[in-house]
Amino acid sequence: MHTLGPDDLQAVWLTLKLASVATLLLLLIATPLAWWLAHNRKWYRSVVAALVALPLVLPPTVLGFYLLILLGPQGPVGELTKALHLGTLPFTFAGLVVGSVLFSLPFAVQPIQNAFEAMGKRPLEVAATLRAGVWDRFVSVALPLARPGFLTAIILAFAHTVGEFGVVLMLGGNIPGETRVLSVAIYNHVEAMEYGAAHWLAGSMVLFSFMVLLGLYLAGGRLARVMR
Amino acid sequence: MTPVHAHGIRADFKLQLESFALDVSFSAPDRGVTALFGPSGSGKTTLLRCIAGLERATGSLHINGEVWQDDTKFLATHLRPLGYVFQEASLFPHLSVRANLEYGLKRIPPAGRKVPLEQVVEWLGLGRLIERGDPAKLSGGERQRIAIGRALLTSPRLLLMDEPLSALDTGSKQEILPYLERLHRELNIPVLYVSHALDEVARLADHLVLLEQGRVIASGALQETLARLELPTAHLDDAGAVIEAAVAEHDEKYHLTRLDFPGGQLWVGRVDRPYGSVVRARVLARDVSIATQQPQGTSINNILKARIDEIRDEGPDKVIVRMRVGETNMLLSRITRRSRDHLGLVVGMEVFAQAKSVVLTT
């Protein structure tokens, strides 16, 4: 009977770390982006919306491939990071974070954007007539009213990052403790015919994903009742 | 340049929206209720939004000598000391009833809190509502009362109300109107009240600004403006005159009350108000008939001596007649053209106006 070795636990830990960091960064990026998309009616809004949604349709390997080129030593972003003495991002944890954030962006932006659009302008106008300034209105009215959207965004972004494989493989490779995340570890086990270990990891992922989705739907139902 | 009035409201706005242009200029007194009245699409709500800074119009706005907007200045909405009551109560669903009420109150400095919570609770009868947690559990009328209270608690220097009754059913309207009348008596700040219902305006307003297709077509004191026959308000189905009169006598036997006003008196159903208190009576043009001699043997209680002031055709068969009762009060009467000719009614004639019904509004 094969159980999880220290390498596997390291991969699990790395995956959770990656998903947490990426989700946190995604919230910081997606919130203003979603706000802008929800309230802007300029023509280039559609361009930005399409760009944000692109990872939904692209194969992850395509995204990973271009990121590898962009961030690599010869790429424009790579040149920049080298000039700033940051080294290059591919095959590092930081590189995986960048890739994950881009890859999961639509999963974070869209629920938040929908929530902002659903509340409309009226609650914010009411708050303005009650002396709340721009930031105050955002914190005291927009954020609480968009809470279900944020919850969905957090869960989707986290789960989607945990499950990612293509971008990681293209951009991060397989360095233990640095870039070898769960999905890659499973792939390694299967390559090495270690089906027992693969089962443990894959099974835990199935269970984890199911729990996340179950939590999402339970929370969604409860929130829907609270909102009514 | 328009001169800056030290008192009252002075507004000049131009705004071009996709399908609508607003080009208004009006002034209103520094206290009492000014009704912005006009048909749907006349720009009343847009005008109110411009005053609140929710729409960015070009122009200027002066409130009691303070500049809220001019060529070089545009105060953001949250910096304008105003209260705004929207058509729908728009309570925050994520806050309790009490937190809704106190939302604005918490955002003004303690020194600026001139309207105490207890006062607002009493004016609007909020005592039983304030501890009810979820605003979604309140009725429409109750929600709107909380919304009005929420606006008043910011101690505004101007209160804007955008058809606060229009989203309510008749029952809720009747429930809220007495509270609005109470505010009308108690508040010492100007109120701009948007409405397209003449009965509401006649009941609540002191001053009238008439809008049509984004422009102001008339403005002035309520009673005078309602009696101007060249304006569309005199030709609405429920057109009529408003008379302010004092309670003078209660007739216990017939359960009636006599109201006196300069130039005459009216008998109405028993009013439970002390002697001397002033009430507002509304006499609709369609309820007033005219006789050239003192009528005999009539069931009508209210027959007033009047002098014809103006007669204007209204459609192919009707005319509307304005009569003066005493020096200041006026009555409107809608009669047929045939009656006018039959009685030989002309301007300056002394007649008897018979009011079949009088609606008390306060």
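Residues numbered from 1 in each chain as written. Chains lettered and ligands numbered in written order. Predicted model: local features only at pLDDT ≥ 70, side-chain atom pairs only at ≥ 80, totals over all residues.

A. Summary view of the overall build of chain A. Along chain A, the regular secondary structure elements total 11 helices and 0 strands. Ordering the α and β elements of chain A from the N terminus gives α-α-α-α-α-α-α-α-α-α-α. Seen through its C-alpha atoms, chain A measures out along the principal axes to roughly 65 × 45 × 30 Å. Counting all 228 residues of chain A, 37% fall into the buried class. Considering only intrachain contacts with a sequence separation of at least 6, the fraction spanning at least 24 residues in chain A is 72%. (Helix = DSSP H or I, 4+ residues; strand = E, 2+ residues; numbered from the N terminus. Buried ≥ 20, exposed ≤ 12 C-beta atoms within 10 Å, placed from the backbone. Contact = placed C-beta atoms within 7 Å.)

B. Inspection of the overall build of chain B at higher detail. Scanning chain B from terminus to terminus reveals 8 helices and 20 strands. Against the 2.2 N^0.38 benchmark of 21 Å for 362 residues, chain B shows a C-alpha radius of gyration of 22 Å, consistent with a compact globule. Counting across all 362 residues of chain B, residues that qualify as buried make up 40%. For chain B, the share of sequence-separated contacts (at least 6 apart) that also reach a separation of at least 24 residues comes to 67%. (Rg over C-alpha atoms; globule rule 2.2 N^0.38 Å.)

C. Inspection of the nonpolar core at higher detail. Counting 152 residues, the largest nonpolar core has Leu-36, Leu-160, Tyr-193, Val-209 and Leu-331 of chain B as the members making the most contacts within it. Examining the composition of this core, we find that 12 residues originate from one element, helix α5 (residues 93–119) of chain A, more than from any other. Beyond its immediate stretch of four places on either side in the chain, Leu-36 of chain B contacts Lys-44, Leu-47, Leu-48, Leu-192, Tyr-193, Val-194, Val-209 and Leu-211 of chain B. (Core = buried A, V, L, I, M, F, W, Y, C linked by C-beta atoms within 7 Å.)

D. Representation of the interface of chain B and chain A within the structure. Listed as interface residues are 17 residues of chain B and, on the opposing side, 14 residues of chain A. Taken together, the elements giving at least two residues each to the side of chain B that touches chain A come down to β6 (82–85) and α2 (97–105) of chain B. Along the lines of polarity and charge, the residues of the side of chain B that touches chain A split into 9 nonpolar, 6 polar and 2 charged. (Nonpolar A, V, L, I, M, F, W, Y, C, P; charged D, E, K, R; others polar.)

E. Broad picture of α2 of chain B. What α2 of chain B keeps buried is the set Val-97, Asn-100, Leu-101, Tyr-103, Gly-104 and Leu-105 of chain B. Where α2 of chain B is buried, its residues meet α4 (140–152) of chain B.

F. Quick look at the packing of helix α2 (residues 44–57) of chain A against α5 of chain A. Residue and element names in this part refer to chain A. With their axes 7 Å apart at the nearest point, α2 and α5 run at an angle of 110° to one another. Classified by the angle their axes make, α2 and α5 are roughly perpendicular. When you trace α2 past α5, the crossing you get is left-handed. Counting all contacts with α2, which are made through Val-52, Ala-53, Pro-55 and Leu-56, the residues of α5 involved are Leu-102, Phe-103, Leu-105, Pro-106 and Val-109. Considering only residue class, the contact of α2 with α5 consists of 9 nonpolar, no polar and no charged. (Axes fitted to C-alpha atoms, helices over the stretch in contact; angles between N-to-C directions. Parallel < 35°, antiparallel > 145°, perpendicular 65-115°, else oblique. Left-handed = near helix turned anticlockwise from the far one by under 90°.)

G. Summary view of the sheet that holds strand β13 (residues 264–269) of chain B. Here we have 5 strands laid out as an open sheet, ordered β13-β12-β11-β14-β20 (chain B), and antiparallel in their pairing. Of all the strands in the sheet, the pair left with one neighbour each is β13 and β20 (359–360) of chain B. (Pairing = 2+ DSSP bridges.)

H. Geometry of the domain arrangement of chain B. Residue and element names in this part refer to chain B. Examined at the domain level, chain B breaks down into domain 1 (9–226) and domain 2 (240–360). Each of domain 1 and domain 2 was reduced to a C-alpha centroid, and the two centroids are 33 Å apart. The partner domain 2 presents 5 residues to the 5 residues of domain 1 that form the contact. Listing elements by their share of the side of domain 1 that touches domain 2, those giving two or more residues are α6 (198–204) and α7 (222–226). Taken together, the residues of the side of domain 1 that touches domain 2 sort by class into 3 nonpolar, 1 polar and 1 charged. (Domains from an automatic or database assignment.)

I. Summary view of the sheet that holds strand β7 (residues 158–162) of chain B. Residue and element names in this part refer to chain B. In space, the 6 strands of this open sheet follow the order β6-β7-β8-β3-β9-β10, with mixed pairing throughout. Looking at the sheet topology across the chains shown, the edges are occupied by β6 and β10 (215–221). Adjacent strand axes in the sheet meet at a mean angle of 15°, parallel and antiparallel pairs treated alike. Note: strand β3 (residues 33–37) against strand β8 (residues 191–195), 5 bridges, orientation parallel.

J. View of the pairing of strand β15 (residues 288–291) of chain B. Residue and element names in this part refer to chain B. Side chains Val-288 and Ile-290 of β15 all project onto a buried face; the interleaved residues Ser-289 and Ala-291 project onto a face where none is buried. Inspection of the sheet shows β15 paired to strand β19 (residues 350–355) by 4 bridges, in the antiparallel sense. Residue Ile-290 lies in a different strand from β19, and its bridge partner there is Ala-353.

K. Seen up close, the confidence of the model for chain B. In this model, chain B carries a mean pLDDT of 92, and residues with pLDDT of at least 70 account for 98%. Interface confidence in the predicted complex, given as ipTM, is 0.86; pTM for the same model is 0.85. (pLDDT = per-residue confidence, 0-100.)

L. A look at the pairing of strand β1 (residues 9–17) of chain B. Residues and elements named next belong to chain B. Relative to strand β4 (residues 58–63), β1 is paired through 6 bridges, and the arrangement is antiparallel. Residue pairing across strands places Asp-12 opposite Ser-60, the latter belonging to β4. Here β1 pairs with strand β2 (residues 20–28) via 9 bridges, running antiparallel. By the bridge assignment for β2, Asp-12 is matched with Ser-25. The hairpin turn running from β1 into β2, its antiparallel successor, is 2 residues long.

M. Seen up close, the packing of α5 of chain A against helix α8 (residues 147–162) of chain A. Residues and elements named next belong to chain A. Between α5 and α8, whose axes approach to 8 Å, the crossing angle comes to 165°. Relative to α8, α5 is oriented roughly antiparallel. Along this stretch, α5 crosses α8, giving a crossing that reads as right-handed. Residues Ser-100, Ser-104, Phe-107, Ala-108, Pro-111, Ile-112, Asn-114 and Ala-115 of α5 pack against Pro-148, Gly-149, Phe-150, Thr-152, Ala-153, Leu-156, Ala-157, His-160 and Thr-161 of α8.

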